[in-house]
There are 2 protein chains.
Amino acid sequence: MAKTTKTKIKEASISSKASPSSKSSEDKPKSSGTFKIATFNANSIRMRLPIILDWLKKEQPDVLAIQETKVQDHEFPKEPIEAAGWNVVFHGQKSYNGVAFISKKPFGDVIKRLYPKDAEEQARFLVGEYEGVLLINTYVPQGFDIESEKYQYKLKYYVDLKKYFQKNIPTDRSALWMGDLNVAPTEIDLNNPKGNKDHPCYHIDARQALEETMKGKWTDLFREKEKGPGHYTFWDMRFPGAFQKNLGWRIDFLMGTPPMVERLQKIWIDTKPRGLEKPSDHTFLVAEFLR
Amino acid sequence: MAKTTKTKIKEASISSKASPSSKSSEDKPKSSGTFKIATFNANSIRMRLPIILDWLKKEQPDVLAIQETKVQDHEFPKEPIEAAGWNVVFHGQKSYNGVAFISKKPFGDVIKRLYPKDAEEQARFLVGEYEGVLLINTYVPQGFDIESEKYQYKLKYYVDLKKYFQKNIPTDRSALWMGDLNVAPTEIDLNNPKGNKDHPCYHIDARQALEETMKGKWTDLFREKEKGPGHYTFWDMRFPGAFQKNLGWRIDFLMGTPPMVERLQKIWIDTKPRGLEKPSDHTFLVAEFLR
DNA sequence: GCCCACACCG
DNA sequence: CGGTGTGGGC
């Protein structure tokens, strides 16, 4: 026991009906005000720690979901985060991927695996419950090139996510699916749709995979409040001035089940962190819900 | 001509008698006050630019000699240095070594080679004249291990420096030899002499090589003013707390010919920069001379 | 421990 | 462009 981390890895599913912990937190009186939640692809939590800690201090979210932490669990910088008064759970690997939740109150058990038994799995998935809401934090594979193996893995990842949601997330449950989904769903969700027909984040198969995975369960919460073009969460570093010229992609999402659509108050992209020194290539997507 | 750098590389020697430029500057009236000169092993001028620019602004030296710039000439960050109002000449290579002078007034021609013809030579040597004083900036090889080829190269480097000085620096000329000489000359010049008998920077052969090179020409200016132990210019990053515990080495020097010994007013090691964020493993050695 | 180069990735 | 790991140097 002394050698295991405090956060247990569970492979069992969380059900809205069966879980005593979810029942108890749904039953207990809610604190006042709103429930504020955000998602951010950090592209290295170590390099982005100053930006993240500043943002947390200013924005005071209940939960921040992070992707691309790019760090193994024993190297995760939890001390400065906890020293700033936050709780954190994480699931990482060397160099690539890696997901985390930073929160005001501690998470209980979290699930770190999309696949029940697979030691080889990439660290792209983290599920936990917070104040009775199921939170699914994913970093979906980017896909490299539509002709590649990696693109097939991406498409399969969506199929497997759909299966997971069917099995584990009842549509009437309060749940949020969030993170970097690496798909721009429509032509208004990227600067240059015409030139990106074969891009792994806009190719028709990727868009249909996302659509299939969402169908009947998930609503793109940003589009509940904003119908217009030009709202992006990612601007590629390899194109100089992409952010300044707003040549970006909307590939980070907060998806909600119907109960969360009902509770949604506000949702916005906070572009300021993208303009700071040593920024991530992504920025924060933030929403507030009725408690 | 368009492809050559503005600073010409000369392989000819500078003589105290024959050089018209040295004669004219020695004849012309000197500005008032003192002549302030410093040396600093930066261990990457790119990483140390903030520390160097801050130090220059505060200390206002006439000349700062830098070693281990670790940058090729076409990548040297001269713009921010010139933008701060300084002149700079440099001689570098990829990854290793590299020397430079930053100065209030521009240098004229500088010499970048210890060896007359050797395209393979490492960038460890820079000679120029400033206000009638010959300045020789060297980054002497460290020597790795006393059993190694590199150590033999270090010993030979001292022999070749001695030859250069015999041929090019008359003892009655105003001249300063400065830089990282990678030798602690006596037992009070390093924290742990007993444990470093076989260290390439304290081994008897290295100390004798330095002594031979100095003999009859060069005076260790720091020891003109300070006879005691515990004064160091380098503290190894690999020993945690070395600087805090003052476990260091005095391996950076300002050496003077007799005319410069006469003119020496003050000399000190400025330890403050070694305690800053992202420091070099060395710090600045500074001296003031009568003009 | 902190530099550098290089190779890989998005 | 800006992350990561690796390997080498001091």
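Everything quoted here is computed from the prediction, not taken from an experiment.

A.B. asks: What is the right way to read the protein's contact with DNA strand D from this model?
C.D. replies: Residue and element names in this part refer to chain A. In the neighbourhood of DNA strand D, 14 residues make up the surrounding shell, with S44, R48, S95, M237 and K278 lying closest. When atoms of DNA strand D within 4 Å of the protein are split into backbone and base, the sugar-phosphate part holds 76%. A distance of 2.9 Å separates a phosphate oxygen of DNA strand D from a polar side-chain atom of S44. Between DNA strand D and S95, the relevant distance is 3.4 Å, taken from a sugar or linking oxygen to a side-chain nitrogen or oxygen of the residue. At 3 residues, helix 2 (residues 45-59) tops the list of elements feeding residues into the surface near DNA strand D. A class-by-class count of the residues in the surface near DNA strand D yields 3 nonpolar, 3 polar and 8 charged.

A.B. asks: How should the environment of Y158(B) be read in this particular structure?
C.D. replies: Residue and element names in this part refer to chain B. Assignment of secondary structure puts Y158 in helix 4 (residues 149-168). Classification of Y158 as buried rests on a relative accessible area of 0%. Along the backbone, Y158 and P141 are 17 residues apart, and their C-alpha atoms lie at a distance of 9.4 Å. Excluding its chain neighbours within four sequence positions, the residues that come into contact with Y158 are V140, W177, L181, V183, A209, L210 and T213.

A.B. asks: Help me understand the protein's contact with DNA strand C in this model?
C.D. replies: Close to DNA strand C lie 15 residues, the nearest being R238(A), S44(B), R48(B), S95(B) and M237(B). Near-protein atoms of DNA strand C (within 4 Å) split between backbone and bases, with sugar and phosphate holding 67%. A distance of 2.7 Å separates a phosphate oxygen of DNA strand C from a polar side-chain atom of R48(B). A distance of 3.5 Å separates a phosphate oxygen of DNA strand C from a polar side-chain atom of K278(B).

A.B. asks: Quick question: what am I supposed to make of the side chain of D270(A) here?
C.D. replies: Residues and elements named next belong to chain A. Counting through the fold element by element, D270 comes out in strand 11 (residues 264-270). There is a polar contact of 2.9 Å between the side chain of D270 and the side chain of W55. Polar contacts involving the side chain of D270 include one to the main-chain amide nitrogen of K272, which spans 3.2 Å. Ignoring any residue separated from it by four or fewer positions in sequence, one finds D270 in contact with W55, E59, T283, F284 and V286.

A.B. asks: What is the right way to read the pairing of strand 9 (residues 252-256) of chain B from this model?
C.D. replies: Side-chain direction in a regular strand flips from residue to residue, so the side chains alternate between the two faces of the sheet. Residues and elements named next belong to chain B. Most of strand 9 is tucked away: 5 of the 5 residues are buried. Of the two faces of strand 9, the one lined by D252, L254 and G256 and the one lined by F253 and M255 are each fully buried. By the bridge criterion, 5 bridges tie strand 7 (residues 175-180) to strand 9 in an arrangement that is antiparallel. From the neighbouring strand, G179 faces strand 9, where its bridge partner is F253. Bridge analysis of strand 8 (residues 219-220) against strand 9 gives 2 bridges, and the strand direction is antiparallel. Its bridge partner lying in strand 9, D220 is registered against M255.

A.B. asks: What should I look at first to understand the sheet that holds strand 11 of chain A in this one?
C.D. replies: Strands belonging to one sheet form pairs held by backbone hydrogen bonds; the direction of such a pair is parallel or antiparallel. Residue and element names in this part refer to chain A. Ordered in space as 3-4-2-1-12-11, the 6 strands form an open sheet in which the pairing is mixed. Two strands bound the open sheet, and with one partner strand each, they are strand 3 (87-91) and strand 11. Within this sheet the neighbouring strands show an average axis-to-axis angle of 15°, counted without direction. Summarising the sheet, strand 1 (residues 34-41) and strand 12 (residues 284-290) pair through 6 bridges and their orientation is antiparallel. Across the sheet, the residue bridging to F35 is F289, located in strand 12. Taken strand by strand, helix 2 contacts strand 1, strand 2 (63-67), strand 4 (99-103), strand 11 and strand 12, and its axis lies near 160° from that of strand 2.

A.B. asks: I keep staring at unusual backbone geometry and nothing clicks. Help me out?
C.D. replies: With the exception of glycine, the majority of residues adopt a negative phi angle, and the majority of peptide bonds are in the trans configuration. Residues and elements named next belong to chain B. The phi angle at S95 is positive, at roughly 75°, despite the residue not being glycine. With respect to the helices, strands and loops of the structure, S95 is situated in the loop between strand 3 (87-91) and strand 4 (99-103). Residue classification places S95 among the partly exposed residues on the basis of a relative accessible area of 40%. The residue N97 is not glycine, and still its phi comes out positive at about 55°. Of note, N97 is situated in the loop between strand 3 and strand 4.

A.B. asks: Hey, could you run me through the pattern of salt bridges in this one?
C.D. replies: As enumerated under the stated definition, the model contains 30 salt bridges over all chains in all. E131(A) is the salt-bridge partner of R291(A), the closest N and O atoms lying 2.3 Å from each other. Of the two residues, R291(A) is situated in the segment after strand 12 and E131(A) in the loop between strand 6 (125-130) and strand 7 (133-139); the sequence distance between them amounts to 160 residues. Residue R291(A) is classed as partly exposed on the basis of its relative accessible area, which comes to 23%. Of the charged contacts in the structure, one is a salt bridge between K36(B) and E59(B), with a shortest N-O distance of 2.9 Å. Of this pair, K36(B) sits in strand 1 (residues 34-41) while E59(B) is found in helix 2 (residues 45-59), placing the two residues 23 residues apart along the sequence.

The rules behind the values
- Residues numbered from 1 in each chain as written.
- Chains lettered and ligands numbered in written order.
- Predicted model: local features only at pLDDT ≥ 70, side-chain atom pairs only at ≥ 80, totals over all residues.
- Heavy atoms only, no water.
- Near = heavy atom within 4 Å.
- Polar contact = N/O pair within 3.5 Å; in protein donor to acceptor, adjacent residues only side chain to side chain.
- Helix = DSSP H or I, 4+ residues; strand = E, 2+ residues; numbered from the N terminus.
- Nonpolar A, V, L, I, M, F, W, Y, C, P; charged D, E, K, R; others polar.
- Buried < 20%, exposed > 50% of the residue type's maximum accessible area, 1.4 Å probe, protein only.
- Contact = heavy atoms within 4.5 Å.
- Pairing = 2+ DSSP bridges.
- Axes fitted to C-alpha atoms, helices over the stretch in contact; angles between N-to-C directions.
- Salt bridge = Lys/Arg side-chain N within 4 Å of Asp/Glu carboxyl O.

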